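# Secondary and tertiary structure notes
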Number of protein chains: 2
Amino acid sequence: MKEIGSALRKESLPILTVDVVVLTLDNGQLQVLLHRRPNAPFAGAWALPGGFVRVGEDSDTLAAIQRVLRSKVGATNIYVEQLATYSGEMRDPRGWSLSVAYIALLPKSDLQIVDSPDVALLDTKSLPELAFDHALILKDALARLRGKGAYSTLPAMLLKKEFTLSELQLAYEVVLGEKLDTSAFRRKVGDFEFLEKTGSNSSELSKRPARLFRLKNDVQMFDRTLGRSG
Amino acid sequence: MKEIGSALRKESLPILTVDVVVLTLDNGQLQVLLHRRPNAPFAGAWALPGGFVRVGEDSDTLAAIQRVLRSKVGATNIYVEQLATYSGEMRDPRGWSLSVAYIALLPKSDLQIVDSPDVALLDTKSLPELAFDHALILKDALARLRGKGAYSTLPAMLLKKEFTLSELQLAYEVVLGEKLDTSAFRRKVGDFEFLEKTGSNSSELSKRPARLFRLKNDVQMFDRTLGRSG
DNA sequence: ATAATAGTGTCTGTCAGACAATATGAT
DNA sequence: ATCATATTGTCTGACAGACACTATTAT
């Protein structure tokens, strides 16, 4: 252990961070949570939420990201999965850095963000320049969501625990970026048997109320796709 | 930068490593490269090849893994992709550690390993206990290969640049863990148009020689599967 | 010719998308 | 009744797996 410490210290100390791509759904748009950096580097630029890993406090990087989510999003019980790790001497002007990036999906109603011009949900289809390599991270996150979304119940993580089939279809359409055929969608949802009725109905007035469903299990993969984008 | 350095130094220094799951094909088996650890911790146990990230020397973790591959496998021009990052205070008895894990695929003929009882290619279906969380990493690597293999040309990375359709089918069968139907396989290979003839033929004697093919492009994803295991 | 593997053709059930038709509840 | 949306049914082409068949070369 001593020789490791000294070996690292001889070179410059790596910066160890976690970043998270928080995605949600708002009236037919896939949105990402961004904030304006208050300090250098990239002061004033939009960036993904993140923070340094605190070795003494965080038992691992997942714990670190949970801490970040608690403080910046104010939500618990969110779906989180690791995306990838980005590293190198070029991505942060302060020196060699490594960031473990995560994806978090949640319904907009679970998001508690401060009302500030420096924190915003922005449409993923029209984004500003981002700090560091965050544009790349976000691009990778969207690609992952699109790819995995077609084969899993992942898009349902963008909805409240109870939802109608139309809402579910919309979530898939937004994630996959294309319209889906309703009858094919419902047939497959039925075949895959990953939903259960809640018994109650949606209460959007002045039209026929739809049945509410919830996921039987957590996120689950299929051997075929719901919708395209395989 | 100063405040970061001191913030980290206040807590214990994280150990930063890269590990690689080197997979190859040997007479119908998917094999993984392992070595016996010469030193504590886990001295004598089998482990994945890996090493510390050298911040002064490696421009990023990919460069670090290339360095490890050069020194332990003696091969260049190998297919490498990032798998995931494993971190925490529990996985290494020396303290909080973080390891970025990679997958490398190559034909056995490209592998130059020292002839030593401490370095071996072992069948992935019957493995010994592994050091650290390397069993988990290996399990994740195999799952990734299986999942992605069904939808891509990834299994071809286990073969030499030129191969016959039978060899390609075998690679898929081993990766996916199931027999494939020859006519369906060939039909799809034809449909997807990712191969080109080399003109020459295989020269395994005493039977009908097969045509040799190579990939047109690098690894490429499909919208449908070759074989199951989606 | 025979052995052995390479490579092709066809049949059949399943599944996808398209689109039309029906059901239901609020007004 | 009417509107708007939910929900179901049917038709058709694409595709997968099964399996039998043909082709080609070394011996």
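Definitions and cut-offs
- Residues numbered from 1 in each chain as written.
- Chains lettered and ligands numbered in written order.
- Predicted model: local features only at pLDDT ≥ 70, side-chain atom pairs only at ≥ 80, totals over all residues.
- Heavy atoms only, no water.
- Phe/Tyr/Trp six-rings, centres within 6.5 Å; stacked < 30°, edge-to-face > 60°.
- Patch = residues over 30% accessible without salt bridge, like charges linked within 9 Å, V, L, I, M, F, W, Y side chains within 5 Å.
- Areas by Shrake-Rupley, 256 points an atom, 1.4 Å probe, with all protein chains shown as cover.
- Salt bridge = Lys/Arg side-chain N within 4 Å of Asp/Glu carboxyl O.
- Lys, Arg positive; Asp, Glu negative; His and termini not counted.
- Charge placed at Lys NZ, Arg CZ, Asp CG, Glu CD.
- Helix = DSSP H or I, 4+ residues; strand = E, 2+ residues; numbered from the N terminus.
- Near = heavy atom within 4 Å.
- Polar contact = N/O pair within 3.5 Å; in protein donor to acceptor, adjacent residues only side chain to side chain.
- Nonpolar A, V, L, I, M, F, W, Y, C, P; charged D, E, K, R; others polar.
- Expected span 1.5 Å × (residues − 1).
- Buried < 20%, exposed > 50% of the residue type's maximum accessible area, 1.4 Å probe, protein only.
- Contact = heavy atoms within 4.5 Å.
- Domains from an automatic or database assignment.
- Buried area = accessible area lost by both parts, 1.4 Å probe.
- UniProt positions renumbered as here; feature names shortened; annotations may be inferred.
- Core = buried A, V, L, I, M, F, W, Y, C linked by side-chain atoms within 4.5 Å.
- Pairing = 2+ DSSP bridges.

## Describing the packing of aromatic side chains
Considering all chains together, one arrives at nine aromatic pairs over all chains under this definition. Among the aromatic residues, those joined into a cluster by ring pairs are F192(A), F194(A) and F222(A).

## Considering a positive patch on the surface
Residues R186(A), K197(A), R208(A) and R211(A) make up a contiguous surface patch of positive charge. Here R211(A) is to be found in strand β9 (residues 211-215).

## Details of the protein's contact with DNA strand C
In the vicinity of DNA strand C, 19 residues are found, and the nearest of them are S183(A), R208(A), R224(A), S183(B) and R186(B). By atom count, sugar and phosphate contribute 61% of the portion of DNA strand C lying within 4 Å of the protein. One nitrogen or oxygen atom from the side chain of S166(B) is found 3.0 Å from a phosphate oxygen belonging to DNA strand C. Going through the elements one at a time, α5 (182-192) of chain A together with α5 (182-192) of chain B are the ones with two or more residues in the surface near DNA strand C. The element best represented in the surface near DNA strand C is α5(A), accounting for four residues.

## Section: the protein's contact with DNA strand D
Not every one of the 18 residues close to DNA strand D is listed here, only the nearest: S166(A), S183(A), R186(A), S183(B) and R208(B). Within 4 Å of the protein, the contacting atoms of DNA strand D are 58% sugar and phosphate, with bases supplying the remainder. Between a phosphate oxygen of DNA strand D and a side-chain N or O atom of S166(A), the distance comes to 2.9 Å. In the environment of DNA strand D, a base nitrogen lies 3.4 Å from a nitrogen or oxygen atom belonging to the side chain of D181(B). Contributing elements (two or more residues each) for the surface near DNA strand D: α5 of chain A together with α5 of chain B. Broken down by class, the residue content of the surface near DNA strand D amounts to two nonpolar, five polar and eleven charged.

## A word on helix α4 (residues 165-176) of chain A
All names here are of chain A. Taking 1.5 Å per residue, twelve residues should reach 16 Å; α4 reaches 16 Å between its end C-alpha atoms and fits that length. Counting buried positions along α4 gives nine out of twelve residues, so the element sits mostly inside the fold. The inward-facing, buried residues of α4 abut β1 (15-26), β2 (29-36), α3 (134-149), α5, β8 (195-201) and β9. The first or second residue beyond α4 is G177, which carries a positive phi of 75°.

## Some remarks on the domain arrangement of chain A
Residue and element names in this part refer to chain A. Taken domain by domain, chain A comprises domain 1 (15-150) and domain 2 (154-215). Relative placement of domain 1 and domain 2: their C-alpha centres are 27 Å apart. Taken together, the contact pairs 17 residues of domain 1 with twelve residues of domain 2. With both chains or domains summed, domain 1 and domain 2 bury close to 1200 Å², and 81% of this area falls on carbon and sulfur atoms. Where domain 1 meets domain 2, there are zero salt bridges. Put simply, domain 1 and domain 2 have zero residue pairs in polar contact (both at pLDDT 80 or more) between them. For the side of domain 1 that touches domain 2, the secondary structure elements donating two or more residues are β1, β2, β5 (79-88) and α3. In terms of residue count, the dominant contributor to the side of domain 1 that touches domain 2 is α3 (four residues). A per-class count over the side of domain 1 that touches domain 2 returns nine nonpolar, five polar and three charged.

## Structural notes on the UniProt feature "domain: Nudix hydrolase" (unreviewed entry) in chain A
Taken from the UniProt record, the annotation "domain: Nudix hydrolase" (unreviewed entry) applies to residues 13-146 of chain A. The span residues 13-146 of chain A is 19% helix and 37% strand, and its two end C-alpha atoms sit 36 Å from each other.

## Digging into the nonpolar core
Grouped together as the largest cluster of nonpolar side chains are 94 residues, with contacts concentrated most on L23(A), L168(A), L23(B) and L168(B). Beyond its immediate sequence surroundings of up to four residues, L168(B) is in contact with A156(B), L159(B), F163(B), F185(B), V189(B), F194(B) and L195(B). Core analysis: the second largest hydrophobic core is formed by 46 residues, V20(A), L33(B), I65(B) and V73(B) among them.

## Quick look at the pairing of strand β6 (residues 97-105) of chain A
Within a regular strand, side chains alternate between the sheet's two faces. Residues and elements named next belong to chain A. Taken across its nine residues, β6 has nine buried, putting it largely inside the fold. On β6, burial covers both faces: S97, S99, A101, I103 and L105 on one face and L98, V100, Y102 and A104 on the other are all buried. Taken together, the nine bridges between β1 and β6 define a ladder with parallel strand orientation. Bridge pairing in β6 links V22 to A104. Of the pairings in the sheet, the one linking β5 to β6 comprises nine bridges and is antiparallel in character. Within β6, the position partnered with Q82 by the bridge is Y102.

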